[in-house]
2 protein chains.
Amino acid sequence: MKLYDYAIAPNPRRVNIFLAEKGIEVPVEEIDLRQKQNVGPDFLAINALGTVQVLELDDGTHISESMAICRYFEAVQPDPPLMGTTPEEIARIEMWQRRVELNGMTPAGEAFRNFEPAFENRAVAGPDKYPLNPELAERGRIRVTKFFDYLDNALDGRDYIAGDSFSVADISGFVLVGFAGWSNLAPEESQTNLKAWYDRMSARPSMQS
Amino acid sequence: MKLYDYAIAPNPRRVNIFLAEKGIEVPVEEIDLRQKQNVGPDFLAINALGTVQVLELDDGTHISESMAICRYFEAVQPDPPLMGTTPEEIARIEMWQRRVELNGMTPAGEAFRNFEPAFENRAVAGPDKYPLNPELAERGRIRVTKFFDYLDNALDGRDYIAGDSFSVADISGFVLVGFAGWSNLAPEESQTNLKAWYDRMSARPSMQS
């Protein structure tokens, strides 16, 4: 088993924190996205979409998509549970995990990739060329800012994003805050619930992954 | 228990097909998106993001996000399994389900909502106002077309999107083809694997949901 990784990128980072929380170590092969190794022929033969991470199982099966890789390890090693155990908890964690992705990480990605000149013709991850879309970057910035407010409200009176226990939704939220920082977006001082939650998360050893 | 629904929209449709495959019936309250009922105060009190569906449990808990609702019912009634049972199968189905969403449904939504004049200032689902972005619509059209090719290749020699059994990835794929049609995007005659798969899916009674 091995992981094709690019540890600095937000989606790989989610998996790496997830694995650290479970105490699982997997051998890694780094794919250098700055050198566009992910859209070279060797890696495209592994994942034609050109995205990392990819988990290679011992029988040669390849699993891409960060949350699919997390689900693999959640099923293989359920403890500690990071995706819920009862139907209601499973659903609530998935709801929050997706809210963070769709209203936080996705617009943060739009803000970053459609603005940064280094991404010219690479506004969408993968081998196909798409020009920058500065209006989309601006929309992304506004949406991230609004989502921080939404999260700050949600965290009023509770310790974790999806309720009373740590979950993959907190991992996505933590990675979102770091990723938004790449576009100089950050929680406001007035968002005290969000900031206190972020400080608590930062103290977990896994978050250094 | 009840579902706040808007049955014609693509995400609610995924849940409704999922429930039909499991033979589960849930009372429904229709939220009329054309009348903007989803961004009125009553519904925003249920889901501040203004999206449907929302599942209301008997204790008053609200679960939004279509895939979170599907996971709730998968956990409550595992048969027939639509999200996998072994770790490898769970991961493979989640991988394909997300590929269909991220590279198919999301760009199909960008193509539709950023072009259609009726969506002026509603380019993003929910209560906040964002202008149309015609370049994003055009990029979405190209991405859906490319993804149909990718799916056609993936379906070479197999019956279902995620492998040898029907899963939620097929539901998302089926809904994607219908939704792309709203923007006059359709599989090409030359994409024979994709078209044969779509015909097989269309024959399932659940797909009339």
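None of the values given here were measured: they were computed from a predicted structure.

Moving on, we get to the overall build of chain A. Secondary structure assignment for chain A yields seven helices and four strands. Secondary structure of chain A in N-to-C order comes out as β-α-β-α-β-β-α-α-α-α-α. Here the C-alpha atoms of chain A give a radius of gyration of 17 Å, agreeing with the 17 Å that 2.2 N^0.38 yields for 209 residues. If you line up chain A on its principal axes, its C-alpha atoms span 50 × 45 × 30 Å. Across chain A, the fraction of contacts at a sequence separation of at least 24, relative to all contacts at a separation of at least 6, is 65%.

Another point: the environment of Glu74 of chain A. Residue and element names in this part refer to chain A. Relative to the helices and strands, Glu74 is located in helix 3 (residues 66-76). The spacing of Glu74 and Phe18 is 56 residues in sequence and 9.2 Å in space, taken between C-alpha atoms. Setting aside residues no more than four positions away along its own chain, Glu74 makes contact with Leu82 and Met83.

To continue, consider the sheet that holds strand 4 (residues 62-64) of chain B. Residues and elements named next belong to chain B. With respect to topology, four strands assemble into an open sheet ordered 2-1-3-4, the strand pairing being mixed. Both outer strands of the open sheet, strand 2 (28-30) and strand 4, are each paired with one neighbouring strand and no more. Neighbour to neighbour, the strand axes of the sheet diverge by 20 degrees on average, direction disregarded. Bridging between strand 3 (residues 54-56) and strand 4 involves three bridges; their strand directions are antiparallel. Its bridge partner lying in strand 4, Glu56 is registered against His62.

The two chain copies are related to each other by a rotation about an axis together with a translation along it. It takes a turn of 180 degrees to lay chain B on chain A, together with a shift of 0.0 Å along the axis; the resulting RMSD is 0.0 Å. A rotation of that kind, with that shift, is consistent with a two-fold axis. Identified as the residue of chain B closest to the rotation axis by C-alpha distance is Leu136 of chain B, at 3.9 Å. Mapped onto chain A, 100% of the interface residues of chain B again fall at the interface, so both copies present the same surface.

Another point: the interface of chain B and chain A. Counting residues at the interface gives 32 residues for chain B and 32 residues for chain A. Of all the secondary-structure elements, those providing two or more residues to the side of chain B that touches chain A are strand 4, helix 3 (66-76), helix 4 (87-113) and helix 5 (134-154) of chain B. Tallied by class, the residues present in the side of chain B that touches chain A amount to 17 nonpolar, four polar and eleven charged.

All names here are of chain A. With their axes 9 Å apart at the nearest point, helix 1 (residues 10-22) and helix 3 run at an angle of 15 degrees to one another. On the basis of their axis angle, the class for helix 1 and helix 3 is roughly parallel. Pair helix 1 / helix 3 crosses with right-handed handedness. Of the residues in helix 3, those in contact with Asn11, Pro12, Arg14, Val15, Phe18, Leu19 and Lys22 of helix 1 are Ser66, Ile69, Cys70 and Phe73. Looking at the contact of helix 1 with helix 3 residue by residue, the class counts come to seven nonpolar, two polar and two charged.

The next thing to look at is the domain arrangement of chain A. Accessible area lost on assembly of the parts is the figure often given for the size of an interface. All names here are of chain A. Assigned domains of chain A: these are domain 1 (2-76) and domain 2 (87-208). Inter-centroid distance (C-alpha atoms) of domain 1 to domain 2 is 20 Å. Taken together, the contacts link 13 residues of domain 1 with eleven residues of domain 2. Per-element tally for the side of domain 1 that touches domain 2: the top contributor is helix 1, with seven residues. For the side of domain 1 that touches domain 2, the per-class residue count stands at eight nonpolar, two polar and three charged.

Here we take up the pairing of strand 1 (residues 2-5) of chain B. All names here are of chain B. As paired elements, strand 1 and strand 3 share three bridges and run antiparallel to each other. Opposite Tyr4, over in strand 3, you have Val54 as the bridge partner. Pairing between strand 1 and strand 2: three bridges, direction parallel. Looking across to strand 2, one finds that Leu3 is bridged to Val28. Assessed by its sense of winding, the connection that carries the chain from strand 1 through helix 1 (residues 10-22) to strand 2 is right-handed.

Once that is clear, we can look at helix 1 of chain A. All names here are of chain A. For helix 1, which comprises 13 residues, the first-to-last C-alpha distance of 19 Å matches the rise-based estimate of 18 Å (1.5 Å per residue) to within 8%. Of the positions making up helix 1, those classed as buried are Asn11, Pro12, Arg13, Arg14, Val15, Asn16, Ile17, Phe18 and Glu21. Residues of helix 1 that are buried sit in contact with strand 1 (2-5), helix 3 and helix 6 (168-181).

Here the focus is the sheet that holds strand 4 (residues 62-64) of chain A. Residue and element names in this part refer to chain A. The sheet built from four strands is open, its strands ordered 2-1-3-4 with mixed pairing. Two strands in the sheet have a free side with no partner beyond their single neighbour: strand 2 (28-30) and strand 4. The average undirected angle you get between the axes of adjacent strands in this sheet is 20 degrees. Helix-sheet contacts for helix 3 involve strand 3 (54-56) and strand 4, and the interaxial angle to strand 4 is about 120 degrees.

Calculation notes
- Residues numbered from 1 in each chain as written.
- Chains lettered and ligands numbered in written order.
- Predicted model: local features only at pLDDT ≥ 70, side-chain atom pairs only at ≥ 80, totals over all residues.
- Helix = DSSP H or I, 4+ residues; strand = E, 2+ residues; numbered from the N terminus.
- Rg over C-alpha atoms; globule rule 2.2 N^0.38 Å.
- Contact = placed C-beta atoms within 7 Å.
- Pairing = 2+ DSSP bridges.
- Axes fitted to C-alpha atoms, helices over the stretch in contact; angles between N-to-C directions.
- Least-squares fit on C-alpha atoms with pLDDT ≥ 70 in both.
- Nonpolar A, V, L, I, M, F, W, Y, C, P; charged D, E, K, R; others polar.
- Parallel < 35°, antiparallel > 145°, perpendicular 65-115°, else oblique.
- Left-handed = near helix turned anticlockwise from the far one by under 90°.
- Domains from an automatic or database assignment.
- Right-handed = clockwise from strand over helix to strand, strands pointing away.
- Expected span 1.5 Å × (residues − 1).
- Buried ≥ 20, exposed ≤ 12 C-beta atoms within 10 Å, placed from the backbone.

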